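A closer look at the structure
Single-letter residue listing:
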Amino acid sequence: MKISMFVPDLRGGGVERVRLLLAREFLRRGHIVDLVLLQKKGALLDQVPPGATVVDLSASRVRNGFGPLVRYLRGRKPDVMLASMWPLTTLAVIGAKVARFQGKVIASEHSALSRSPLATGLSGLALRTGMRWVNGHADSVVGVSAGVVEDLYRLGLPKGKGVTIHNPVELSGSQLLPDGWSEYSWFQVDRRLRLLAVGSLKPAKDYPTLLRAMRRVRDSVERVELLILGTGSLEPDLRAQRDALGLSDVVHFGGFVSDPGPFYRAAGVFVLSSAWEGFGNVIVEALAAGTPVVATNCQSGPAEILEEDKYGSLTPVGDDLALAKAIEASLKAEYSADALRRRAADFSPERIAQQYLEIFSS
């Protein structure tokens with residue numbers, strides 16, 4: 001089968017990592033894989049699996065990718081195109097119609113779009129129109145959690161069109177830290193007192209609530225430290241908030257790391273403070289490392305992954321007091337690392353790739 005996977009680029013985000021994991025698994029099973037990018041750029045370009053073809057549409061904007069996409073579909077003729085993230089999903093459906101594409105078009109959404117800035121104003125009107133009248137003509141529309149599928153229905157996607165397939169997640173087995181990290185102060189405290197957060201510094205992650213919670217934890221637990229891995233436009237504001245809270249010595253911004261595996265394994269507790277999510281790959285990564293998780297019960301993903309409170313602790317969104325109490329309890333609790341790892345195995349690339357292939361060939 002010739003499989004085309006359409007994403008904006010290969011920046012170091014969760015969606016892009018998911019596509020590379022799926023590409024590797026499809027290739028392992030003998031399929032042909034094209035990674036179709038609006039622009040050939042991003043921190044993960046060097047992680048494209050051998051055998052995959054990278055197709056550069058050389059489009060600086062989404063709308064500029066329409067013509068190149070039509071030409072690609074007419075020339076390459078894949079059996080299926082998996083397009084990720086609105087408005088690329090809408091572009092893919094329309095492009096396939098214009099190209100008279102005979103293969104399948106699968107649209108995949110990775111976030112609760114109704115919670116994003118895209119859902120307001122003219123972009124919100126375009127989003128709802130696209131969901132109802134365009135994406136509804138895709139062969140299938142995949143949501144990475146049941147909550148995302150329900151959100152798509154609220155945005156106008158025709159009922160019964162959505163399918164839930166969770167994200168594949170895999171944690172590297174590397175124990176090797178990047179140069180210079182072993183002397184970092186976070187690694188000098190007892191492992192049980194190391195808090196870790198991983199994710200872009202953007203509004204969805206609600207790091208201000210995490211920083212306020214950290215202030216409370218710091219008042220009752222000595223030596224606890226927090227490391228945040230990720231980059232984003234909010235970093236200056238978050239650093240200012242950290243300093244204003246008197247946490248400059250115990251909250252560290254570590255930037256982007258290409259392999260977070262060693263950090264998950266070194267952490268005592270992983271914390272997700274998001275206001276909204278599509279799935280929450282980082283939760284599964286933490287579970288795969290055998291690291292306990294505290295997460296906000298946001299729309300959507302965390303409750304599905306943790307099966308409510310079976311594999312971690314859930315707290316209300318935006319409640320720094322509840323988050324602090326859950327963190328403090330997790331710092332003291334006993335847990336089974338093997339049980340956490342077994343839960344993470346439910347989201348292995350092998351299992352998730354098989355679910356996609358069943359949709360492709362049905």
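These numbers come from a predicted model, not from an experiment. (Residues numbered from 1 in each chain as written. Predicted model: local features only at pLDDT ≥ 70, side-chain atom pairs only at ≥ 80, totals over all residues. Heavy atoms only, no water.)

**Overview of helix α11 (residues 320-332)**
- With 13 residues, α11 should reach 18 Å at 1.5 Å per residue; the first-to-last C-alpha distance of 19 Å fits that figure.
- What α11 keeps buried is the set Asp320, Leu323, Ala324, Ala326, Ile327, Glu328, Ser330 and Leu331.
- Contact partners of the buried residues in α11: β8 (194-198), α6 (207-220), β11 (269-272), β12 (293-296) and β13 (313-315).
- For α11, the N-terminal capping position is held by aspartate 319, with its side-chain oxygen 3.2 Å away from the main-chain nitrogen of leucine 321. (Helix = DSSP H or I, 4+ residues; strand = E, 2+ residues; numbered from the N terminus. Expected span 1.5 Å × (residues − 1). Buried < 20%, exposed > 50% of the residue type's maximum accessible area, 1.4 Å probe, protein only. Contact = heavy atoms within 4.5 Å. Polar contact = N/O pair within 3.5 Å; in protein donor to acceptor, adjacent residues only side chain to side chain.)

**Section: the nonpolar core**
- Core analysis: the biggest nonpolar cluster contains 69 residues, and Phe6, Leu196, Phe263, Tyr264 and Phe270 have the highest contact counts within it.
- Ranked by residues supplied to this core, first place goes to helix α3 (residues 88-99) with 6 residues.
- For phenylalanine 263, the residues in contact, after removing those within four places along its chain, are Leu177, Pro178, Trp181, Trp186, Phe187, Leu196, Leu227, Leu229 and Val257. (Core = buried A, V, L, I, M, F, W, Y, C linked by side-chain atoms within 4.5 Å.)

**Thoughts on the pairing of strand β10 (residues 251-255)**
- With respect to burial, β10 is a largely interior element, 5 of its 5 residues being buried.
- Both faces of β10 are covered, namely the face carrying Val251, Phe253 and Gly255 and the face carrying His252 and Gly254.
- Pairing of strand β9 (residues 225-229) with β10 involves 4 bridges; the strand directions are parallel. Counterpart to isoleucine 228 in the pairing with β10 is phenylalanine 253.
- Each parallel crossover has a hand, and the one from β9 via helix α7 (residues 235-244) to β10 is right-handed. (Pairing = 2+ DSSP bridges. Right-handed = clockwise from strand over helix to strand, strands pointing away.)

**With respect to empty space enclosed by the protein**
- Throughout the structure, instances matching the rule amount to 2 cavities of 30 Å³ or more.
- Here the largest cavity defines a volume of roughly 50 Å³.
- The wall of the largest cavity is formed by Arg191, Arg192, Gly268, Val269, Pro292, Ser330, Leu331, Ala333 and Tyr335.
- Considering only enclosed or pocket space, the second largest cavity measures out at about 30 Å³ in volume. (1 Å grid on protein atoms, 1.4 Å probe; cavity = no way out; pocket = protein on both sides within 12 Å on 5 of 7 lines; lining within 4 Å. Points joined across faces, edges and corners; volume = space filled by probe spheres on them.)

**Points about the sheet that holds β9**
- Spatial ordering of the open sheet is given by β10-β9-β8-β11-β12-β13, a layout of 6 strands whose pairing is parallel. Each having just a single partner strand, β10 and β13 make up the two edges of the open sheet. The sheet shows a mean angle of 20° between the axes of neighbouring strands, direction not considered.
- Pairing between β8 and β9: 5 bridges, direction parallel. (Axes fitted to C-alpha atoms, helices over the stretch in contact; angles between N-to-C directions.)

**Some points on the side chain of glutamate 328**
- Within the secondary structure layout, glutamate 328 lies in helix α11.
- For the buried glutamate 328, no salt bridge is present, and the opposite-charge side chain at shortest range is lysine 332, 5.6 Å distant.
- Residues contacting glutamate 328, with those up to four places away along its chain left out, are Arg216, Val217, Ser220 and Val221. (Lys, Arg positive; Asp, Glu negative; His and termini not counted. Salt bridge = Lys/Arg side-chain N within 4 Å of Asp/Glu carboxyl O.)

**Some words on the sheet that holds strand β2 (residues 32-37)**
- The strand order β3-β2-β1-β4-β5-β6-β7 describes an open sheet built from 7 strands, whose pairing is parallel. The open sheet has two free edges, formed respectively by β3 (53-56) and β7 (162-164), since each of these has just one partner strand. Averaged over all pairs of adjacent strands, the angle between strand axes in this sheet comes to 25°, irrespective of strand direction.
- Taken together, the 5 bridges between strand β4 (residues 80-84) and strand β5 (residues 104-109) define a ladder with parallel strand orientation. By the bridge assignment, serine 84 is partnered in β5 with serine 108.
- In this fold helix α13 (residues 349-361) packs onto β1 (2-7), β4, β5, β6 (140-143) and β7, with an angle of close to 140° to the strand it touches most, β5.

**Points about the side chain of threonine 291**
- Within the secondary structure layout, threonine 291 lies in the loop between α9 (281-288) and β12.
- For threonine 291, a relative accessible area of 0% corresponds to the buried category.
- Here tyrosine 264 takes part through its backbone oxygen, which lies 2.7 Å from a polar atom of the side chain of threonine 291.
- Not counting residues within four places of it along the chain, the set of residues in contact with threonine 291 comprises Arg191, Tyr264, Arg265, Ala267, Gly268, Val269, Phe270, Ala286 and Leu340.

**Here's the deal with the packing of aromatic side chains**
- Summed over all chains, the structure comprises 8 aromatic pairs.
- Aromatic ring contacts, followed pair by pair, group Trp181, Tyr184, Trp186, Phe187 and Phe263 into a single cluster. (Phe/Tyr/Trp six-rings, centres within 6.5 Å; stacked < 30°, edge-to-face > 60°.)

**A word on the pairing of β4**
- Buried residues dominate β4, accounting for 5 of its 5 residues.
- Burial of the side chains of β4 extends over both faces: Val80, Leu82 and Ser84 are buried on one face and Met81 and Ala83 on the other.
- Relative to β4, β1 runs parallel, the two sharing 4 bridges. Counted as the bridge partner of phenylalanine 6 is alanine 83 from β4.
- The parallel pair β4 and β5 is bridged by α3, and the resulting crossover is right-handed.

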